[in-house]
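# Fold and contact review
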Amino acid sequence: MPVDKLRLLVSCPDRPGIIRAVTQFLHDRGANIRQSDQYTTSPEGGTFHLRMELAVDAVDRATLVGEFAAEVATPYDMAWHFADAGRPKRIAVLVSKTDHCLLDLLWRWRRGELAGELVLVASNHPDLRDTVESFGLPFHHVPVAPGGKAQAEGALADVLDGECDVIVLARYMQILSGAFLEKVRVPVINIHHSFLPAFAGAGPYERARQRGVKLIGATAHYVTEDLDEGPIIEQDVVRASHRHDTADLVRLGADVERTVLSRAIEWHCDDRLLRHDNLVLVF
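Throughout what follows, the structure given in this document is the object of discussion. Computed from a prediction, not measured in an experiment: that's the story for all the values here. (Residues numbered from 1 in each chain as written. Predicted model: local features only at pLDDT ≥ 70, side-chain atom pairs only at ≥ 80, totals over all residues. Heavy atoms only, no water.)

## Some thoughts on the pairing of strand β9 (residues 188–192)
Which entries qualify depends on this criterion: Remark: exposure states derive from per-residue accessible area (1.4 Å probe, protein chains only) relative to the maximum for the residue type, with buried under 20%, exposed over 50%, and partly exposed in between. Numbering of helices and strands starts at the N terminus; helices are DSSP runs of H or I of at least 4 residues and strands are runs of E of at least 2. Whether two strands pair comes down to DSSP finding at least two bridges between them. Handedness is read with the strands pointing away from the viewer; a crossover is right-handed when the path from the first strand over the helix to the second is clockwise.
Of all the 5 residues making up β9, 5 are buried; the element is thus mostly covered by neighbouring parts of the structure. Bridge analysis of strand β8 (residues 166–169) against β9 gives 3 bridges, and the strand direction is parallel. Across the sheet, valine 168 pairs through a bridge with isoleucine 189, a residue of β9. In the classification by handedness, the crossover that spans β8, the intervening helix α6 (residues 178–184) and the parallel β9 is right-handed. Of the pairings in the sheet, the one linking β9 to strand β10 (residues 215–222) comprises 4 bridges and is antiparallel in character. Looking across to β10, one finds that isoleucine 191 is bridged to alanine 220.

## Let's talk about the side chain of aspartate 271
To be explicit about the condition: Contacts are residue-level and defined by heavy atoms, with any inter-residue pair within 4.5 Å sufficient.
The topology assignment puts aspartate 271 in the loop between α8 (246–269) and β12 (273–276). Setting aside its immediate chain neighbours within four residues, aspartate 271 contacts Arg7, Leu9, Arg51, His81, Ala83 and Lys89.

## Remarks on empty space enclosed by the protein
To be explicit about the condition: Site definitions follow a grid-based scheme: protein atoms alone, a 1 Å grid, a 1.4 Å probe that fits but cannot get out for cavities, and for pockets an open set with protein on both sides within 12 Å along at least five of seven lines, plus lining residues having an atom within 4 Å of a point. Grid points are joined across faces, edges and corners, and a volume is the space filled by probe spheres set on the points. Note that Gly is not counted as nonpolar here; it falls among the polar residues with everything else outside the nonpolar set of Ala, Val, Leu, Ile, Met, Phe, Trp, Tyr, Cys and Pro and the charged set of Asp, Glu, Lys and Arg.
Inspection of every chain in the model, using the stated rule, returns 1 cavity of 30 Å³ or more. If you go around the largest cavity, the residues you meet are Val144, Lys149, Ala152, Glu153, Leu156, Tyr172, Gln174 and Leu176. Looking at the lining of the largest cavity residue by residue, the class counts come to 5 nonpolar, 1 polar and 2 charged.

## Focus: the side chain of aspartate 104
By secondary structure assignment, the location of aspartate 104 is in helix α3 (residues 100–110). We classify aspartate 104 as buried; its relative accessible area is 16%. Those residues in contact with aspartate 104 that lie beyond four places of it in its chain are Arg258 and Ser262.

## Structural notes on a nonpolar patch on the surface
The condition is simple: Here the term patch refers to residues with relative accessible area over 30% and no salt bridge, with like charges joined within 9 Å and nonpolar side chains (Val, Leu, Ile, Met, Phe, Trp, Tyr) within 5 Å. Using the Shrake-Rupley algorithm and a 1.4 Å probe, accessible areas are obtained, with residue cover drawn only from the displayed protein chains. Salt bridges are identified by distance alone: a Lys or Arg side-chain nitrogen within 4 Å of an Asp or Glu carboxyl oxygen.
There is a patch of nonpolar side chains on the surface, built from Phe195, Leu215 and Val237 and spanning about 230 Å² of accessible area. Note on placement: valine 237 falls in strand β11 (residues 232–239). A relative accessible area of 34% means that valine 237 is categorised as partly exposed.

## Looking at the packing of aromatic side chains
Heads up, the condition is: Note on aromatic pairs: the rings of Phe, Tyr and Trp (six-membered ring only in Trp) are paired at centre separations within 6.5 Å, and the planes decide the class, stacked below 30 degrees, edge-to-face beyond 60, tilted for the rest. Any Lys NZ or Arg CZ that is within 6 Å of a ring centre and within 35 degrees of that ring's normal is treated as a charge sitting over the ring.
Tallying each qualifying case throughout the model produces 5 aromatic pairs. It is arginine 110 that lies over the ring of tryptophan 107; its NZ or CZ is 5.5 Å from the centre. Its end group placed over the ring of phenylalanine 135, arginine 110 keeps NZ or CZ at 4.1 Å from the ring centre.

## Some details on the sheet that holds β11
What counts, and what does not: Think of each axis as a best-fit line through the C-alpha atoms, taken over the contacting stretch in the case of a helix, with angles from 0 to 180 degrees between the N-to-C directions.
Taken together, 7 strands build an open sheet; the order of strands is β7-β6-β5-β8-β9-β10-β11 and the sheet is mixed. Both outer strands of the open sheet, β7 (139–141) and β11, are each paired with one neighbouring strand and no more. Put simply, the sheet's adjacent strands are angled 20° from each other on average, direction ignored. Contacts from α3 reach β5 (90–95), β6 (117–123), β8 and β9 within the one sheet, and its direction differs from that of β6 by about 155°.

## Points about unusual backbone geometry
Here the amide bond leading from leucine 196 into proline 197 is cis, since omega sits at 10°, within 30 degrees of zero. Following the sequence through the fold, proline 197 ends up in the loop between β9 and α7 (204–211). The phi torsion at arginine 171 lies on the positive side, around 65°, for a residue other than glycine. Within the element layout of this structure, arginine 171 appears in the loop between β8 and α6. Since its relative accessible area comes to 11%, arginine 171 is described here as buried. One non-glycine residue, aspartate 277, lies in positive phi territory at about 55°. Inspection of the secondary structure assignment puts aspartate 277 in the loop between β12 and β13 (279–282). Here aspartate 277 falls in the exposed class, since its relative accessible area comes to 66%.

Okay, structure coming up:
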């Protein structure tokens with residue numbers, strides 16, 4: 001028989017019996033649990049988080065979801081969902097003129113090393129059109145005219161509407177409004193070229209050089225309407241020296257940006273991330 005490969009993500013108030021209720025429900029439907037990870041924020045009054053990978057004989061998804069809601073999720077006050085592990089998440093990339101993160105994602109996608117499926121690239125500049133289209137992807141130029149940010153965000157949201165499951169900002173040098181984030185209704189992941197919370201905002205390498213830091217880094221985080229304040233997914237660093245000028249730091253940091261962003265995208269697309277307040281749990 002055909003087999004569905006699913007992932008189950010759960011967050012709920014911690015209490016005895018959660019694991020038993022979930023596993024008994026899955027056992028009764030012939031599911032094979034292939035991986036299970038759990039975490040509670042506190043033994044007393046904390047929040048319980050669970051990620052499972054499972055295989056089950058092909059079933060009606062609506063029936064499975066409805067039964068789980070009634071028998072398990074509602075009694076335990078769960079926030080939860082089943083994700084289809086057999087369907088890659090659709091990724092839309094936003095970029096400006098800097099191309100190193102975009103090119104890394106394009107190459108990983110072409111080589112089958114990206115956990116999701118790139119579906120389009122949009123930019124506020126036309127410079128990278130030929131590069132993107134050489135990979136067989138649609139490129140959308142959505143300029144942001146002075147005083148026309150709201151109109152540009154509306155046009156960009158129209159481009160993205162229904163096309164993607166996650167949006168990646170691969171050095172997209174525009175601040176997204178809360179209204180835009182509400183309209184697109186999918187998670188947005190950004191790569192920031194500093195080790196947040198240090199040097200948030202523009203020009204982090206220049207400011208790092210001025211402070212004489214010995215480590216520079218990059219941070220991938222979910223986007224909120226507060227600039228560079230979203231929950232952090234992944235970070236990494238590389239050593240810096242007084243001998244490095246700003247251009248050296250930009251070059252060194254670019255490598256870190258690429259790897260940090262690709263890991264964050266992989267974890268998101270593999271449903272390994274659960275948010276708790278302003279934290280991201282990585283399973």
